[in-house]
Amino acid sequence: MPNDISYGKTTLRLLAYFKPFKFKVLLVLLLVLVSSAVSVVSAAFLRLLIDDFIVPLIGNQNPVFHALLQALVILAVIYLAGTISTFISKRLMITISQRIMKHIRDELFRRMQKLPLRYFDRKAHGDVMSHYTNDVDTLNMMLTDSLPQILSTVVTLIVVLGTMLYIDIPLTIIVLLGAGAMLWTTKKIGTQATDHFFQQQESIGVVDGYIEEMMHGQKVVQVFGREEHVTQQFARLNDDLFHRSATANKYANLLMPLNENLATLTYVAVAIIGGAMAISGWDQSLTLGSIAAFLSLSRSFTMPIAEISSQVSMFVVALAGAKRIFTLMDEQPEEDHGLVTLQKNDADHPWSWKLEDGSLVPLQGKIEFKQVSFSYDGKKQVLIDMTLTAQPGQKLAFVGATGAGKTTVTNLLNRFYEISDGEILYDGISIQRIRKADLRRSLGIVLQDTHLFTGTVADNIRYGHLEASDEQVMQAARMSHAANFIERLPDGYDTRLDGSGNGLSQGQSQLLAIARAAIANPPVMILDEATSSIDTRTEALVQSGMDNLMQGRTVFVIAHRLSTVRNSDAILVMEQGRITERGDHDELIQLKGNYYQLYTGVFEWQ
Ligand SMILES: Nc1ncnc2c1ncn2[C@@H]1O[C@H](COP(=O)(O)OP(=O)(O)OP(=O)(O)O)[C@@H](O)[C@H]1O
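Looking at an unreviewed UniProt entry, one finds the chain named ATP-binding cassette subfamily B protein, with Paenibacillus hunanensis as its source organism. UniProt annotates the chain under Subcellular location (unreviewed entry) with the comment "Cell membrane".

As structure tokens, then:
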């Protein structure tokens, strides 16, 4: 069992979510009190019923049942009041807990959107997902089932204990001894169960992660004919989960019958000892009615303990889940101290920067890197002392071997990661001073991984500019050469795409991604050319779409096609985090260095 969970703190934080429902919670408490009181009152009434109504009737030649009937009706009304209170309090608790779960999921997602990419680098996606599924689920169960039950148990125990003490102290001590034995058993077996429940949660995470990974890689699995292999691997993980949850539930299920038996033993002990005390005359106040009432009370005292004992483990596991959820919520969000914002103007000068002092500077699109160094993990330097300038409207092509640092350059420009040394300037303004959302709005990106979202084709294009009109959407599609294929789709712009954009070819997805970037109309573009080969006709279309997109903008392109490279104003050859050669195509050919070798060797840089 992880010891680092501060249960007290986590519980307090969880309780804070009840604040908006304080009146409802008060009502629940009141209703719980009523149902607990009903069990006590009905037990006391039992005593009255036996001692004052039933016993006097025994042996009576002409019994009159009228008063007895009246008493029975009152008892029925008391029971009904208890049942209705329990019903309403459960309904209320379900509504409250469902609202709290929704609130937690919303908050979790909102905070996740603010996390830096760095967070997702070190966390498996399945792991993050499990916060929304496993952890929220166990918490849900705890809030809906366990918490109300524990609440009502505590209230019942206090009320019942008071009444038992009032009726008879020696018999109360016997019941307390029985309850003590039950608590001891719960602690012993419960600790074992909790350990196994933790392991079960871990296994669920592993199985979920595996399913997610295999679904993602289904194509690769089939291409390599590894279906049997992954099925076996899954069976092993699933087997592990089965054993862990079977053991956990075995312990948890053992608790309930054990405690029920202890409760029955206590009941029998109270009956025998109480009877003996009454018959021997040792305790004059013990009437037949008060023994019956006491027996009923002892049941009301021990049964809830037996019932909640099997839930103690779930409770602890849910608290651990809550702790994990809170840890994710407390992750340091992306920092942003930028005060310079972006402002949209008229058609001639569409953008300008609004500086800290409120003055406006027209956006030009000049980008400078000054002695920039960077490392993802603080150990391995990925970029070293990098200096470059892109004048407004210039196209810069980055080429170089895989892992040279080309994508990293664009990641830094976007401020997906912060640089450790040097400075990046946008129109002479350090990008640290620019508000992140505005910086990113001014940079259009077309990545290799096009990632289309669930929705219509038009929705996906409009993702770049949510307020765009239908005409603007179509214009962007025409400009990027996507219009042709879209118009041939069964529902045209209204054709629905599923989450991964399946149903479209790679080339078509790329054309849509270009249209999506085009509609945003940003002054600076970052393009990561696709390396995957598409048919030559589509490739020509994609290329032409890209060319249209590049018109009149400053462009950083991670180039894999010779035509792109040749059309660039400057080519930067990267090698292990450094720019080793720079110039235009002819200059670099003359240099007879790396570029020359790449050019004369292959025409595509991977
Ligand atoms: N998120 C990350 N966390 C840690 N290291 C990373 C991360 N992303 C990239 N790297 C490392 O940084 C180096 C540069 O990667 P980068 O993606 O910039 O190369 P690249 O030139 O774009 O390669 P490719 O052409 O294959 O896309 C590589 O050694 C890579 O292992």
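Back to the write-up after that little detour.
> Is there a simple way to think about the site of the ligand in this case?
Around the ligand, a shell composed of 13 residues is seen, among which Lys380, Thr402, Lys406, Thr407 and Thr408 lie nearest. Separating an oxygen atom of the ligand from a side-chain N or O atom of threonine 402 is a distance of 2.5 Å. Contact distances for the ligand include 2.5 Å between an oxygen atom and a side-chain N or O atom of threonine 407. Starting from 630 Å² of accessible surface for the ligand in isolation, the protein chains cover 65%. Broken down by element, the residue count for the shell around the ligand peaks at three residues, all from helix α11 (residues 406-413). Split by residue class, the shell around the ligand holds five nonpolar, five polar and three charged.

> Hey, could you run me through the pairing of strand β14 (residues 570-575) in this one?
Residues in a regular strand project their side chains so that they alternate between the two faces of the sheet. The buried fraction of β14 is high, at five of six residues. Alignment of β14 against strand β15 (residues 578-583), held across five bridges, turns out to be antiparallel. Residue pairing in the sheet places methionine 574 in a bridge with isoleucine 579 of β15. A loop of two residues connects β14 with β15, the two strands running antiparallel in sequence, and glutamine 576 in this loop sits at a positive phi of about 45°.

> In this structure, what is going on with the pattern of salt bridges? I would like to understand it.
As a working rule, side chains carrying opposite charge can pair if their charged atoms are close by. Within the structure shown, the criterion is met by 14 salt bridges. For the salt bridge of arginine 440 with glutamate 334, the shortest nitrogen-to-oxygen distance reads 2.9 Å. Separated by 106 residues along the polypeptide, arginine 440 in helix α12 (residues 436-441) and glutamate 334 in the loop between α10 (312-329) and β1 (341-344) bring together distant segments of the chain. Its relative accessible area of 23% is what places arginine 440 among the partly exposed residues. With a closest N to O distance of 3.4 Å, lysine 436 and glutamate 418 form a salt bridge. Remark: glutamate 418 occurs in the loop between α11 and β7 (421-426) and lysine 436 occurs in helix α12; sequence separation between them is 18 residues.

> Where do I start with the UniProt feature "transmembrane region" (unreviewed entry) in the chain in this structure?
Residues given the UniProt feature "transmembrane region" (unreviewed entry) here are residues 67-89 and 150-167. Between the first and last C-alpha atoms of residues 67-89 the distance is 33 Å; the span itself is 100% helix and 0% strand.

> Can you walk me through the packing of aromatic side chains in this structure?
The description of an aromatic ring pair uses the distance of the two centres, along with the angle that the planes make with each other. One pass over the full model with this rule turns up 11 aromatic pairs. Plain terms: the ring middles of phenylalanine 374 and tyrosine 417 are 6.0 Å apart, the flat faces sit at 55° to each other, and that makes the pair tilted. Here phenylalanine 374, found in strand β4 (residues 367-375), pairs with tyrosine 417, found in the loop between α11 and β7; they are 43 residues apart in sequence, far enough to count as distant. On the basis of relative accessibility, which here comes to 7%, the residue tyrosine 417 falls in the buried class. Here the aromatic residues Phe369, Phe398 and Phe556 are joined through ring pairs into a cluster of three or more. One residue, arginine 13, lies across the ring of phenylalanine 326, its end atom 4.2 Å from the ring centre. One Lys or Arg, arginine 299, reaches over the ring of tyrosine 267 and ends 4.9 Å from the middle of that ring.

> Before we go on, may I ask you to explain the sheet that holds strand β9 (residues 443-446) in this structure?
Think of a sheet as strands paired side by side through backbone hydrogen bonds, with each pair either parallel or antiparallel. In spatial order, the strands read β9-β12-β13-β6-β14-β15; together these six strands make up an open sheet with mixed pairing. Because the sheet does not close on itself, it has two edges, and the strands there are β9 and β15. The sheet shows a mean angle of 20° between the axes of neighbouring strands, taken without regard to direction. Relative to strand β13 (residues 554-558), α11 is tilted by about 145°, and along the sheet it contacts β6 (395-400), β9, β12 (524-528), β13 and β14.

> Which parts of the structure should I look at to understand a nonpolar patch on the surface?
A cluster of nonpolar side chains, contributed by Ile54, Val55, Ile58 and Leu288, occupies part of the molecular surface with about 380 Å² of accessible area. Of note, isoleucine 58 is situated in the loop between α2 (22-57) and α3 (66-113).

> Would you mind showing me how to read the nonpolar core here?
Across soluble globular proteins, nonpolar side chains show a tendency to be buried alongside one another. Within the largest apolar cluster, 43 residues are counted, with the highest numbers of intra-cluster contacts made by Val446, Ile461, Ile486, Leu512 and Leu527. Top element by residues in this core is helix α16 (residues 506-520). It accounts for eight residues. In this view, leucine 527 contacts Val446, Met546, Leu549, Met550, Val555, Phe556, Val557 and Ile558; residues no more than four positions away in its chain are not counted. Listed in part, the 36 residues of the second largest apolar core include Ile429, Val524, Ala570 and Met574.

> How should the sheet that holds β7 be read in this particular structure?
In spatial order, the strands read β5-β4-β7-β8; together these four strands make up an open sheet with antiparallel pairing. Here the strands that pair on one side only, and so sit at the sheet edges, are β5 (381-390) and β8 (429-430). Relative to β7, β4 runs antiparallel, the two being bridged by five bridges. By the bridge assignment, phenylalanine 369 is partnered in β7 with isoleucine 424. Most of the contacts of α11 go to β4, to which it runs at about 110°, and overall it touches β4, β5 and β7.

> In this structure, what is going on with the environment of aspartate 421? I would like to understand it.
By the secondary structure assignment, aspartate 421 is in strand β7. Distance in space between the C-alpha atoms of aspartate 421 and phenylalanine 18 is 46 Å, their sequence separation being 403 residues. Excluding anything up to four places from it in sequence, aspartate 421 contacts Gln371, Val372 and Ser373.

What counts, and at which threshold
Residues numbered from 1 in each chain as written. Predicted model: local features only at pLDDT ≥ 70, side-chain atom pairs only at ≥ 80, totals over all residues. Heavy atoms only, no water. UniProt positions renumbered as here; feature names shortened; annotations may be inferred. Near = heavy atom within 4 Å. Polar contact = N/O pair within 3.5 Å; in protein donor to acceptor, adjacent residues only side chain to side chain. Areas by Shrake-Rupley, 256 points an atom, 1.4 Å probe, with all protein chains shown as cover. Helix = DSSP H or I, 4+ residues; strand = E, 2+ residues; numbered from the N terminus. Nonpolar A, V, L, I, M, F, W, Y, C, P; charged D, E, K, R; others polar. Buried < 20%, exposed > 50% of the residue type's maximum accessible area, 1.4 Å probe, protein only. Pairing = 2+ DSSP bridges. Salt bridge = Lys/Arg side-chain N within 4 Å of Asp/Glu carboxyl O. Phe/Tyr/Trp six-rings, centres within 6.5 Å; stacked < 30°, edge-to-face > 60°. Lys NZ or Arg CZ within 6 Å of the ring centre and 35° of its normal. Axes fitted to C-alpha atoms, helices over the stretch in contact; angles between N-to-C directions. Contact = heavy atoms within 4.5 Å. Patch = residues over 30% accessible without salt bridge, like charges linked within 9 Å, V, L, I, M, F, W, Y side chains within 5 Å. Core = buried A, V, L, I, M, F, W, Y, C linked by side-chain atoms within 4.5 Å.

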